[in-house]
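Notes for the structure review
Listed below, chain by chain, are the residues.
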Amino acid sequence: MPTVVLMDASLSMTRPVSQEQCTEELQRKHLAVAGLTMLFEHMANNYKLEFTSLVAFSSLWELLVPFTRDYSTLQEALSNLEDYDKTCLESALHGISNVVQQEWGHACPTQVVLVTDGSLGIGKGSLRHSLQTLKGRPEDKKFPLPFPFPAKLFIMCIANADELQMTDTMHNLEQLLQLNGGDGQIFTMEGQLCLKSVQSMFGRLIDAAYSPFPAVLRCGNLASDVQVFPRPEPVFLDEEIDPMPRHILTDLEIVGFIEIGDISSPPVMSRHLVLPIAVNKEVDDVGPGTTEEPEEETSANQQAGKVPNFCVLLHGSLKVEGMVALVQLGPEWYGMLYSQADSKKKSNLMMSLFEPGPEPLPWLGKVSQLGPISDAAENPYGEDDSKSPFPLQPKIKRSYAQNVTVWIKASGLQTDVQKILRNARKLPEKTQTFYKELNRLRKAALAFGFWELLKGVAELLERECTLLPDTAHPDAAFQLSHAAKQLKLASTGDSQYAAFDQNINPMHTDFSGGGAGM
Amino acid sequence: MMFSVSHKTAFVVDHCPYMAESSRQQVECDVLTKSRGQGMIPLAPVSKSLWTCAVECSMEYCRILYDVYPLKKLINYIVSDSEFHILNSWRQEDQSTHELMSALAAVGPPNPQEDPECCSVLHGLVAAVESLCKITEYQHEARTTLMDTADRVANRGRIICLTNAKSDTHVRMLEDCVQETILEQNKMAAGSDRLMSIQQCELVLVHIFPQGEDTLVSDRPKKEVSSLLTSEVHSVRAGRHLATKLNILVQQHFDLASTTITNIPMKEEQHANTSANYDVELLHHRDAHLEFFKSGDLHMAGSTSRDSGLKETVTLKWCTPRTNSVELHYCTGAYRISPTDVNSRPSSCLTNFLLNGRSVLLEQPRKSGSKVISHMLSSHGGEIFLHVLNSTRSTLEDPPSISEGCGGRVTDYRITDFGEFMRENRLTPVPESPDTEASGKPPAERAKAQLERYTRYWPMIISQTTIFNMQAVVPLANLIVKESLSEEDLLTCQKTVYNLVDMERKNDPLPISTVGSRGKGPKRDEQYRIMWNELETLVKTHVAGSERHQRVLDCIIACRSKPPEEEERKKRGRKREDKEDKAEKNINKDSEDKSWQESERLKGTLERGKEEQGESEIIKDSPDSPEPLNKKPRLEEIQLPEKAKGPVSLLTMWTNRITVANSRKHQEFAGRISSVNNKAELYQHLKDENGMDLHENGKATR
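In this report, we go over the structure that sits alongside the text. (Residues numbered from 1 in each chain as written. Chains lettered and ligands numbered in written order. Predicted model: local features only at pLDDT ≥ 70, side-chain atom pairs only at ≥ 80, totals over all residues. Heavy atoms only, no water.)

When you go through chain A residue by residue, the secondary structure sums to 14 helices and 18 strands. Relative to the globule expectation of 24 Å for 518 residues, the C-alpha radius of gyration of chain A, 36 Å, shows a markedly less compact shape. Across its three principal directions, the C-alpha atoms of chain A cover 120 × 65 × 40 Å. When burial is assessed residue by residue, chain A has 56% of its 518 residues classed as buried. Taking all contacts inside chain A whose residues are at least 6 apart in sequence as the whole, residues at least 24 apart take part in 69%. Accessible surface for chain A amounts to roughly 22,000 Å². Of this, 52% is attributable to carbon and sulfur atoms. (Helix = DSSP H or I, 4+ residues; strand = E, 2+ residues; numbered from the N terminus. Rg over C-alpha atoms; globule rule 2.2 N^0.38 Å. Buried < 20%, exposed > 50% of the residue type's maximum accessible area, 1.4 Å probe, protein only. Contact = heavy atoms within 4.5 Å. Areas by Shrake-Rupley, 256 points an atom, 1.4 Å probe, with all protein chains shown as cover.)

See the structure below:
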């Protein structure tokens, strides 16, 4: 989940903070920079796969650092931040909306961290003005929220709550959050504005959005501590019936294995890297990449690298065998683990989450009904792996798989009639096909109450009969007049002849060959 | 929203005498070819009645619906003349076009002779409202599972009425009647467990009139009749127009969208060696176009408006080369499709191609620039799905390689063995039956239980195991993990054990790992001891399974004979006698015996599970065993994570860590020990110093 840091660079950010102990003047901007520095450091150490970009805004906005995992660049840009004029949030939000869409499209969930002192401008371009003029805007001047992509909005106020509530700022920010569908949070500083309180505020943000997701991956008695990245987000199902958010378990249990060909590019809600972690390291147990004590780290990493880990074994075998592991994420919620290779021949263990529910993939059926092959009387994969129990077939075939009759276009009807006539001319060789097509037409005509058609086709068959050449097989004439007669009877709607499930059968004749004895 | 208006659709089709009237749209079904046409009078064209038009268009609506939503979107088909005829129920098994066609055939076309005064579509509309109050199996299931919050289960529905109305006043009368019936029925439903009151109902009135006539009823967009009922009126000519109208309605009602696959290469019937390109239009859930909607890219993606702007379709280009089935695409959605023109030749060519198991990637036609593959068509078990592929940059790009992480440096994982393990633990659908419920665990839980059994003893790396590197152990290893053993299985296991005894007698070599150790590794009899111990460990994890599992263990214990050390000593003696060159050994014999006694004492104090560890110590004490010290650090390393699981004091963690770090540095030391040719004193001395060094070094590194 990429992050956009939207940093207020307006002049109001340079307001000094009254500080008793320190003689040096401290501005709100300095506090903001300190907070962000802490966030970037945390990410560099514990969440280093996150792409982050930095946008500064005042009345204009500027993309200072495009999406990157290089936190030193972000840090550098932050320390070179200049001061500009007034706050104009709306255009900045438009800006980041474009930046995100250009980079990640519209489906990628994004986190927006807005850092501001809470003075949101005055007059035109201020947030208050933007919110007051929400309604009645033309299509091309719509307010940028909600974003076209799923987004969490974290508003970091370099101000305390009392200060914000004295004006309507808090109210405006809450409204902003609501416009975003309520997804996000407003953070304010507690107590005096100082380095300590800004760090505590960013600490709360880190806990809420940037703490790694630790889990245990299990396959029977084999297990590995892992970090799932990015953090899996809670999922809401049918809000009317089941309004509770669903979280994935921290105990990920493998149910069994399925061939890639059988699971067949299933739709997934999200993808996550599953990175094995060494929990008993003395250095922070927060996954790879802590660099606080470089020397220690290297040796600990090397050591962890040499301890056999189940994830590596699993990944290797999944890759070699071309299989996926079905993993349970919660009650009636499943996902799959597989080896994902990128273009650089690096590969890693990836987990995709299916939509929650008992039957996420119709071609697998209910997951709870998937059992071990040893339960089956006969190996469903065959002794030589030549078969597969998947995909499951639906009980009723779809229209395109069952030769349905549709006469909405005249050509559909013409084709069906011509098919019958073509076969009629090749009697008795085509007796089977002739009656098959005839019965198909008869069934549809009866269902649609299209008796006129039955009469019409009967007449056509009678005419064909008169047109038979002298060389024709005698059986042909018999079958044609028999079929014509039966159609006419059906067209009366007499239940004896017009039953839907009844078929016209070929006439029994004394002639050898042909359709006799069908 | 599971129980939206589209959960229940009641079709009410007018079956009154006036519906027998001709639509006056004529179909020429006698197409004469040039060669045969001469002198023949073609058959008069046939024309469909209003009824036939209504029925076939409603069937087309149902066909598309059932293709795209085979479950949970239900249709109740009602026909109305002098009374109502309900052709099916809300039950899922009644939901198929075949069922409906069969029932329609039984009804037949309207009887023009019937008294028009007795006939009305009202009977059907009343029946439809009553029907909407009936609970479906899905609503029932949701209510039962929710229990106290059962009132969250909504009851909404839609009535599509195909009729020939007299006037706008007539239409209003029909609306009023539906409104009244809803109020009446809701009262009744309130006092019933098996009925649900209607919270929302959409009435869609389609007035059908013959070609060439002027309509007596005016179109009217959706309006609210009451808080419960909305109503809209469509006035349509029978025939093609009606078909188009219902096609648009089914898309609106079920959130469908249209995609036209273009540039499909297809062999010509007449000229097999040429191929022309065709287009096929498919309907599917509109979420398959979500990315286009959001980006406002609909037109860029090649969307075109047809039928005077009523219908939009997105064009996607057939893309060669095709994809193979063993590729796992990153797919964000998969939606069932239904071809708009199901039995046209291009449609059936495309669907048959897909049903045969092939997949097609689809490309967004762009005026310029790179090609973007955004969708894939693929069938799964006779159903075709439009898959949405992710075509934007991934946030997971350039991940660290697994070889850089924990366990990434280990090179001797049992990859092939685990592959075999995965094949044995593949899943298969188990038919739902009362039996499986009686036996307790659902199949997926049984699959997990099997994984638990199979992994009770499963060393991850080759150098950690002996028995799994031995072909001779395979039969036993495969059987012992089973939930229950047959008498035959037991025999096979026992045979395996006898076979191992035989190997030991013949002194066959064992695939003991020599990784990391110098020389030729432990001696043969030592190897067998390791092997037997490992085999015992494996079997012991399963003895609780059944009495036969226990008997396998008994067999092993009996065959390897106890105590193993004594047995081995005897054997050792025997072997030694057989050997030609024993001068050197004889010299050491005394000290060796002593060390063996010592080791036996030591061993007694050790738990069975820690036998391996004890072993390494014994090897160390043994005078003629080759350098074993390299093995020690490895063993400790392996046990580290396990130790960490339990409550471990900080000191232990620290000491372990330092021990591991230091033992590595001491490899050279150990090398020198072996070169000294086993001076017991020196060995002890060094060992003590080692202990001291540990702590000193530990401080030094800090």
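Following the criterion strictly, the structure yields 24 aromatic pairs over all chains and no others. Pairing A:Phe51 with A:Trp104 gives two aromatic rings, centres 5.3 Å apart and planes at 55°, and the pair type is tilted. Of the two residues, A:Phe51 sits in the loop between α1 (28–46) and β4 (52–57) while A:Trp104 sits in helix α3 (residues 89–104), which places them 53 residues apart along the sequence. A:Trp104 carries the same exposure label as A:Phe51, and that label is buried. The interplanar angle of 25° and the centroid separation of 6.0 Å between the aromatic rings of B:Tyr457 and B:Phe468 together place this pair among those described as stacked. Of this pair, B:Tyr457 sits in the loop between α12 (443–454) and α13 (474–480) while B:Phe468 sits in the loop between α12 and α13, and the two are eleven residues apart along the sequence. Taken as a pair, B:Tyr457 and B:Phe468 share a single burial class, namely buried. Taken together, A:Phe257, A:Phe310, B:Phe418, B:Phe421, B:Tyr454 and B:Trp458 form an aromatic cluster joined through their ring pairs. (Phe/Tyr/Trp six-rings, centres within 6.5 Å; stacked < 30°, edge-to-face > 60°.)

Listed per partner, the contact involves 138 residues of chain A and 136 residues of chain B. Buried surface at the junction of chain A and chain B, summed over both partners, amounts to about 12,100 Å²; 60% is from carbon and sulfur atoms. The tally of links between chain A and chain B comes to eleven salt bridges. Top element by residues in the side of chain A that touches chain B is helix α10 (residues 310–321) of chain A. It accounts for eleven residues. In terms of residue class, the side of chain A that touches chain B is built from 78 nonpolar, 33 polar and 27 charged. As judged from the three bridges shared by strand β18 (residues 370–372) of chain A and strand β18 (residues 427–429) of chain B, these two strands associate in the antiparallel manner. Within the sheet, the bridge partner assigned to A:Gly371 lies in β18(B) and is B:Thr428. (Buried area = accessible area lost by both parts, 1.4 Å probe. Salt bridge = Lys/Arg side-chain N within 4 Å of Asp/Glu carboxyl O. Nonpolar A, V, L, I, M, F, W, Y, C, P; charged D, E, K, R; others polar. Pairing = 2+ DSSP bridges.)

Its twelve residues give α12(B) an end-to-end C-alpha distance of 16 Å, which sits within 8% of 16 Å, the value for a rise of 1.5 Å per residue. Elements that come into contact with the buried residues of α12(B) comprise β9 (213–219), β13 (251–259), β15 (323–330) and β18 of chain A together with α10 (415–424) and β18 of chain B. (Expected span 1.5 Å × (residues − 1).)

What follows covers the side chain of A:Gln27. Here A:Gln27 lies in strand β3 (residues 26–27). We classify A:Gln27 as buried; its relative accessible area is 16%.

All names here are of chain A. At the junction of Phe229 and Pro230, the peptide bond is cis and its omega measures out at -5° in the coordinates. With respect to the secondary-structure elements, Pro230 resides in the loop between β10 (222–229) and β11 (235–236). A cis amide bond, omega -5°, links Phe390 with the succeeding residue Pro391. Tracing the chain through its elements places Pro391 in the loop between β18 and α11 (410–424). Backbone geometry at Ser265 places phi at a positive 40°, although glycine is not the residue there. Mapping Ser265 onto the fold places it in the loop between α8 (260–263) and β14 (270–276). For Ser265, a relative accessible area of 2% puts it in the buried group.

Residues and elements named next belong to chain A. Here six strands make up an open sheet; going across it, the order is β5-β4-β1-β6-β7-β8 and the pairing mixed. Looking along the sheet, the strands with just one partner apiece sit at the ends: β5 (61–68) and β8 (184–189). For this sheet the average axis-to-axis angle between neighbouring strands, irrespective of direction, equals 15°. Contacting β1 (3–8), β4, β6 (110–116), β7 (151–160) and β8, α1 runs over the sheet at an angle of about 165° to β1. (Axes fitted to C-alpha atoms, helices over the stretch in contact; angles between N-to-C directions.)

Membership of the largest hydrophobic core comes to 77 residues, with the highest contact counts inside it found for A:Phe434, A:Leu453, A:Leu461 and B:Tyr77. With 13 residues, the top contributor of residues to this core is helix α2 (residues 50–68) of chain B. (Core = buried A, V, L, I, M, F, W, Y, C linked by side-chain atoms within 4.5 Å.)

A word on the packing of α11(A) against helix α13 (residues 451–466) of chain A. Residues and elements named next belong to chain A. One can describe the packing of α11 onto α13 by two numbers: an axis separation of 11 Å at closest approach and a directional angle of 30°. Considering the angle they form, α11 stands roughly parallel to α13. In terms of crossing hand, the pair formed by α11 and α13 is right-handed. In this structure, α11 uses Leu413, Val417, Ile420, Leu421 and Ala424 to contact α13, whose residues at the interface are Leu453, Val457, Leu460, Leu461 and Glu464. (Parallel < 35°, antiparallel > 145°, perpendicular 65-115°, else oblique. Left-handed = near helix turned anticlockwise from the far one by under 90°.)

Let us now look at the pattern of salt bridges. In the structure shown here, the tally under the stated rule is 49 salt bridges over all chains. Between A:Glu321 and B:Arg423 there is a salt bridge whose closest N-O contact spans 2.8 Å. Residue A:Glu321 is found in helix α10, and its partner B:Arg423 is found in helix α10; the two belong to separate chains. Looking at A:Glu321, the relative accessible area reads 19%, which means it is buried. Residue B:Arg423 is classed as buried on the basis of its relative accessible area of 19%. In this structure, B:Asp398 and A:Lys346 form a salt bridge, with 3.5 Å as the shortest nitrogen-oxygen distance. In this pair, B:Asp398 is assigned in the loop between β17 (383–389) and α10 and A:Lys346 in the loop between β16 (333–341) and β17 (347–353), connecting two distinct chains. Looking at B:Asp398, the relative accessible area reads 33%, which means it is partly exposed. For A:Lys346, a relative accessible area of 24% translates into the label partly exposed.

On to a negative patch on the surface. Judged by side-chain charge, B:Glu130, B:Asp176, B:Glu180 and B:Glu184 come together as a negatively charged surface patch. Looking at which element gives the most residues to the negative patch, the answer is helix α6 (residues 168–190) of chain B, with three residues. (Patch = residues over 30% accessible without salt bridge, like charges linked within 9 Å, V, L, I, M, F, W, Y side chains within 5 Å. Lys, Arg positive; Asp, Glu negative; His and termini not counted. Charge placed at Lys NZ, Arg CZ, Asp CG, Glu CD.)

What follows is about the sheet that holds strand β4 (residues 74–80) of chain B. All names here are of chain B. As summarised here, the arrangement of the seven strands in space is β5-β4-β1-β6-β7-β9-β8, forming an open sheet in which the pairing is mixed. In this open sheet, the two edge strands, each paired with only one partner strand, are β5 (84–86) and β8 (220–224). Along the sheet, successive strands turn relative to each other by an average axial angle of 20°, direction set aside. Relative to strand β7 (residues 200–209), strand β6 (residues 156–163) is paired through eight bridges, and the arrangement is parallel. Its bridge partner lying in β7, Leu162 is registered against Val206.

A few words now on the environment of A:Pro391. Taking the relative accessible area as the measure of exposure, A:Pro391 reaches 35% and is therefore partly exposed. Note: C-alpha distance between A:Pro391 and A:Ile504 (113 residues apart in sequence) is 36 Å. Excluding its chain neighbours within four sequence positions, the residues that come into contact with A:Pro391 are A:Trp363, B:His380 and B:Gly381.

Inspection of the secondary structure puts A:Leu370 in strand β18. Considering only alpha carbons, one finds A:Leu370 and A:Val255, 115 residues apart in sequence, at a separation of 8.8 Å.

Attention now goes to the packing of helix α14 (residues 487–505) of chain B against helix α15 (residues 524–540) of chain B. Each pair of packed helices can be described by the angle between their axes along with the distance between the axes. Residues and elements named next belong to chain B. Two numbers describe how α14 lies on α15: the axes approach to 11 Å, and their chain directions differ by 170°. It follows from the interaxial angle that α14 and α15 lie roughly antiparallel. Taking contact as the criterion, the partners of Val497, Leu500, Val501, Met503 and Glu504 in α14 are, on α15, Tyr528, Met531, Trp532 and Leu535. In terms of residue class, the contact of α14 with α15 is made up of eight nonpolar, no polar and one charged.

Residues and elements named next belong to chain B. Relative to the elements of secondary structure, Ser23 occurs in strand β2 (residues 22–27). Side-chain polar atoms of Ser23 contact the backbone oxygen of Lys48, separated by 2.7 Å. With near-sequence residues (within four places) excluded, Ser23 lies in contact with Lys48, Ser49, Leu50, Cys53, Pro210, Gln211 and Ala238. (Polar contact = N/O pair within 3.5 Å; in protein donor to acceptor, adjacent residues only side chain to side chain.)

Take the state of the cysteines next. A complete count under the given rule lists zero disulfides over all chains for this structure. Free of any disulfide, B:Cys555 has its nearest cysteine sulfur in B:Cys559, 4.1 Å distant. (Disulfide = S-S within 2.5 Å.)

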